[in-house]
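Architecture and fold: a report
As a plain string of letters, each chain reads:
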Amino acid sequence: MAEMVRFDNVGKRYDSGVDALSGITFSLDAGEIAFLTGRSGAGKSTLLKLITLIDRATRGQIYIGGKNLTSVKRRQIPYFRRDIGIVFQQPKLLADRTVFDNVALPLIISGNFHHAEIGRRVRASLDKVGLLDKERAFPPQLSGGEQQRVGIARAVVNRPPLLVADEPTGNLDPALSAEIMNLFDQFSRVGTTVLIASHDLALISRMGRRVLTLQGGALMSSGAAPP
Ligand code: ADP
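This report concerns the structure included in the present document. (Residues numbered from 1 in each chain as written. Predicted model: local features only at pLDDT ≥ 70, side-chain atom pairs only at ≥ 80, totals over all residues. Heavy atoms only, no water.)

As a further point, take the sheet that holds strand E4 (residues 59-64). Strands sit in the order E2-E1-E4-E5 across an open sheet of four strands; the sheet is antiparallel. Single-partner strands in this sheet number two, and they are strand E2 (19-29) and strand E5 (67-68). In the sheet, strand E1 (residues 3-13) pairs with E4 via five bridges, with the strands oriented antiparallel. Within the sheet, the bridge partner assigned to Val5 lies in E4 and is Ile64. (Pairing = 2+ DSSP bridges. Helix = DSSP H or I, 4+ residues; strand = E, 2+ residues; numbered from the N terminus.)

Laid out in structure tokens, this is it:
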């Protein structure tokens, strides 16, 4: 199977001198779903920031879809990022725009899509997260779980091969959290690679998928799902 993500002895030292990550080596196949866990400060957010080129590694090599990130120049970063869906803890929706407009935003920004195609893609995304009937609603009228699902629809509207999520269920109750995780699971089943940073160990173990564990910036295990 094709590799979507590869870390080769990656390190990140912040200007402050903190080694947030060291000696990180792992890979994710296309369509694989994995959780990234570890205590607060273990380096989870830093690892995701290196994948999305919000920040750069200071050692080693990272390949996304076979592309070495060292070769991605600063001005190319917005184009590179179009192939990665990013889900945040807070979905950061525009309160004065409809659900439809919020999800359409990445397509409008890219400038590559006709009106009709935007409509088709937005509705396909909203359908996947079960919110087709909310396209005319405004975010403040939605529950927290629904707002997070709008954020996920926006993240996948470009049909990215890779989806990364940083504590996507941090603000949700257990039932809604499980629902969101099941959504990610469904995306992986249709070929999207998914990496989810989370410290919700109970939920992660129920999912029964691969777990990457960080401790003090080092990868403790990158193995198969726990029994
Ligand atoms: P996690 O997401 O697992 O909580 P982080 O990746 O946020 O961990 O942080 C890893 C380490 O790097 C911590 O020691 C944190 O204080 C440090 N760190 C994170 N961001 C920065 C930054 N911008 N500058 C300096 N140190 C940072």
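So that's the structure; there's more coming.
Time to look at the packing of aromatic side chains. A full pass over the atoms with the stated rule returns one aromatic pair. Relative to Phe26, the ring of Phe7 lies with its centre 4.8 Å away and its plane at 20°, an arrangement referred to as stacked. A residue pair is termed long-range when its members are at least 10 positions apart, and Phe7 in strand E1 and Phe26 in strand E2 qualify at 19 residues. In this structure Phe26 comes out as buried when scored by relative accessible area, which is 5%. For the cation-ring pair, Lys92 lies above Phe88, with the distance from its terminal atom to the ring centre recorded as 4.2 Å. (Phe/Tyr/Trp six-rings, centres within 6.5 Å; stacked < 30°, edge-to-face > 60°. Buried < 20%, exposed > 50% of the residue type's maximum accessible area, 1.4 Å probe, protein only. Lys NZ or Arg CZ within 6 Å of the ring centre and 35° of its normal.)

Once that is clear, we can look at the pattern of salt bridges. This model, assessed by the stated rule, comprises ten salt bridges. In this structure, Arg6 and Glu3 form a salt bridge, with 2.9 Å as the shortest nitrogen-oxygen distance. Glu3 gets classed as partly exposed once you look at its relative accessible area, which sits at 36%. Here Glu117 and Arg121 are joined by a salt bridge, their closest N and O atoms 2.9 Å apart. Here Glu117 pairs with Arg121, and both are found in helix H4 (residues 115-128), just four residues apart, close to one helical turn. Arg121 carries the same exposure label as Glu117, and that label is buried. (Salt bridge = Lys/Arg side-chain N within 4 Å of Asp/Glu carboxyl O.)

A few words now on the packing of helix H3 (residues 99-110) against helix H5 (residues 144-156). At a minimum axis distance of 7 Å, the contact between H3 and H5 shows a crossing angle of 30°. As H3 runs across H5, the sense of the crossing is right-handed. Between H3, through Val99, Asn102, Val103 and Pro106, and H5, the contact on the second element is made entirely by Val150, Ala153 and Arg154. Considered class by class, the residues forming the contact of H3 with H5 number five nonpolar, one polar and one charged. (Axes fitted to C-alpha atoms, helices over the stretch in contact; angles between N-to-C directions. Left-handed = near helix turned anticlockwise from the far one by under 90°. Contact = heavy atoms within 4.5 Å. Nonpolar A, V, L, I, M, F, W, Y, C, P; charged D, E, K, R; others polar.)

This part covers the site of the ligand. The immediate surroundings of the ligand are formed by Tyr14, Ser16, Val18, Ala20, Arg39, Ser40, Gly41, Ala42, Gly43, Lys44, Ser45 and Thr46. Gly43 is positioned such that a nitrogen or oxygen atom in its backbone is 3.0 Å from an oxygen atom of the ligand. Contact distances for the ligand include 2.7 Å between an oxygen atom and a side-chain N or O atom of Ser45. Within the complex, 62% of the 560 Å² of free accessible area of the ligand lies under protein. Take the shell around the ligand: its biggest share by element is three residues, from helix H1 (residues 44-51). Across the shell around the ligand, the residue classes tally to four nonpolar, six polar and two charged. (Near = heavy atom within 4 Å. Polar contact = N/O pair within 3.5 Å; in protein donor to acceptor, adjacent residues only side chain to side chain. Areas by Shrake-Rupley, 256 points an atom, 1.4 Å probe, with all protein chains shown as cover.)

Here we take up the pairing of strand E9 (residues 210-215). Both strand E3 (residues 33-37) and E9 contribute to a ladder of four bridges, which runs parallel. Within E9, the residue paired with Ala34 across the bridge is Arg210. Note: E9 against strand E10 (residues 218-221), three bridges, orientation antiparallel. Looking at the pairing, Gln215 lines up with Ala218 of E10.

So, on to the sheet that holds E9. Taking strand neighbours across the sheet as the criterion, the six strands line up as E6-E7-E8-E3-E9-E10 in an open arrangement whose pairing is mixed. In this open sheet, the two edge strands, each paired with only one partner strand, are strand E6 (84-87) and E10. The sheet shows a mean angle of 20° between the axes of neighbouring strands, direction not considered. Of the strands in this sheet, E3, E6, strand E7 (162-166), strand E8 (193-197) and E9 are in contact with H1, which crosses E7 at around 150°. Together, E6 and E7 form the strand contacts of H5, whose direction differs from that of E6 by roughly 165°.

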